Amino acid sequence: MPRLAIENLLQQFVDFYMTAIEEQSLNSEMQELLLQSSENLTELGTRFDLMGLLVSREMMHVPNIMAYVEPSLDMVSRQINSIPEILGLSMLFILLSMLIGVIYLRMLATRFCAPSALSTGAVGVASRTAADPEKVDGQSAPVDVVAFATDSARQWVRIMFFFFIMICVLLAFYFPVSFVIIFMMMLSPAVGAFGATILSAILFMLFFYLYFATIGMVLDDLPIFAAITRSFKLMRQHFWASIGIILLVYFITQGIGMLLRQVTLYEPIGTVAAILCNAYIGTGLVLALLHFYRERVVGLE
């Protein structure tokens with residue numbers, strides 16, 4: 001499968017930055033900022049693959065080895081030079097990644113059940129199969145494919161709406177603040193950098209407080225705003241524990257990813273082994289998140 005690259009398009013932005021440095025009378029700090037941005041865009045262009053958007057690691061918690069692997073020099077690349085084509089493919093892949101994520105989490109939920117969830121009955125639609133499976137001749141009943149597909153489709157649509165709501169909220173907040181920060185940087189790069197740091201901190205806190213929203217939509221079949229409310233409530237009442245599990249999962253994922261990057265150098269066996277290992281460890285980490293969520297949610301009820 002060819003790599004869908006946007007290297008040529010990003011190079012146009014790099015050329016624009018370099019032209020601005022040469023033709024505009026910018027102070028040294030602004031020139032350094034543009035140079036750093038150019039280097040970041042160049043590095044992004046050499047690594048980025050639109051196909052990677054098919055796996056949603058941050059939002060849907062699906063393990064993704066592509067985030068750590070450098071593109072092979074022998075890999076065929078198809079350059080995407082049109083901004084509308086990039087936006088269209090990106091949106092398509094993001095929507096498909098949500099569907100993949102819903103199916104992935106539901107498959108885990110049907111095999112996951114915390115003891116406290118059984119004792120209290122606080123088990124959502126996705127995990128009821130595991131909590132109280134029907135028995136046929138002493139065996140667990142097969143999964144109802146139609147019900148599974150129907151529930152997955154409903155939750156997929158719900159998560160799509162959640163995604164678009166978050167995008168609209170962020171754009172309504174981010175663009176005005178970004179223009180203010182850019183204006184501040186033109187006057188004083190130090191003040192502008194401080195404003196950018198504050199903006200980044202706000203976005204990180206929003207990410208933490210919404211971290212369990214999609215899990216709630218899938219595991220407990222919650223509506224959008226109910227899932228957001230529960231995620232905020234969970235973070236507020238178990239802030240340090242939640243931060244701890246999120247950071248623990250992040251650092252383990254990053255560490256394993258860096259190790260598996262070296263394994264992928266031994267193609268093709270190393271690549272296959274890295275994919276399987278990453279999927280196994282990543283799924284274990286997601287199960288830990290589901291267990292953490294279920295245990296804390298039971299305490300909230």
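A. Structural view of the overall build of the chain. Assigned secondary structure in the chain consists of 12 helices and four strands. Expressed as a percentage of its 301 residues, the buried residues of the chain come to 38%. Taking contacts inside the chain between residues at least 6 apart in sequence as the whole, the part at least 24 apart equals 74%. In the structure as shown, the chain presents an accessible area of about 17200 Å², 70% of it carried by carbon and sulfur atoms.

B. Quick look at the pattern of salt bridges. Summed over all chains, the structure comprises seven salt bridges. For Asp151, the salt bridge is made with Arg106, and the minimal N-O distance between the two is 3.7 Å. Placement of Asp151 in helix 7 (residues 145-187) and of Arg106 in helix 4 (residues 83-109) is noted, with a sequence separation of 45 residues between them. The same class applies to Asp151 as to Arg106, namely buried. Measuring nitrogen to oxygen at the nearest pair gives 3.2 Å for the salt bridge that ties Asp221 to Arg158. Pair noted here: Asp221 is in the loop between helix 9 (213-219) and helix 10 (224-237) and Arg158 is in helix 7, with a separation of 63 residues, a long-range link.

C. Quick peek at unusual backbone geometry. Positioned with a positive phi, His61 is a non-glycine residue whose angle comes to about 65 degrees. Relative to the helices and strands, His61 is located in the loop between helix 3 (57-60) and strand 2 (77-79). Of note in the backbone geometry, Asp221 takes a positive phi value of approximately 55 degrees without being a glycine. Judged by relative accessible area, Asp221 falls into the buried class, the value being 16%.

D. Representation of the nonpolar core in the model. Core analysis: the largest hydrophobic core is formed by 42 residues, its most contacted members being Ile159, Phe162, Phe212 and Tyr293. Those elements giving two or more residues to this core turn out to be helix 3, helix 4, helix 7, helix 8 (189-209), helix 9, helix 10, helix 11 (239-263) and helix 12 (269-300). Look past the residues within four positions of Tyr293 in its chain and what remains in contact with it is Phe212, Ile215, Gly216, Leu219, Asp220, Leu222, Arg230 and Leu234. One finds Leu9, Val14, Met51 and Leu89 within the second-largest nonpolar core, a separate group that totals 13 residues.

E. Representation of the packing of helix 10 against helix 11. For the pair helix 10 and helix 11, the least separation of the axes is 4 Å and the interaxial angle reads 105 degrees. Accordingly, the angle class assigned to the pair helix 10 and helix 11 is roughly perpendicular. Of the residues in helix 11, those touching helix 10 at Leu234, Met235, Arg236 and Gln237 are Phe239, Ser242, Ile243 and Ile246. Tallied by class, residues from the contact of helix 10 with helix 11 come to five nonpolar, two polar and one charged.

Conventions we followed
- Residues numbered from 1 in each chain as written.
- Predicted model: local features only at pLDDT ≥ 70, side-chain atom pairs only at ≥ 80, totals over all residues.
- Heavy atoms only, no water.
- Helix = DSSP H or I, 4+ residues; strand = E, 2+ residues; numbered from the N terminus.
- Buried < 20%, exposed > 50% of the residue type's maximum accessible area, 1.4 Å probe, protein only.
- Contact = heavy atoms within 4.5 Å.
- Areas by Shrake-Rupley, 256 points an atom, 1.4 Å probe, with all protein chains shown as cover.
- Salt bridge = Lys/Arg side-chain N within 4 Å of Asp/Glu carboxyl O.
- Core = buried A, V, L, I, M, F, W, Y, C linked by side-chain atoms within 4.5 Å.
- Axes fitted to C-alpha atoms, helices over the stretch in contact; angles between N-to-C directions.
- Parallel < 35°, antiparallel > 145°, perpendicular 65-115°, else oblique.
- Nonpolar A, V, L, I, M, F, W, Y, C, P; charged D, E, K, R; others polar.

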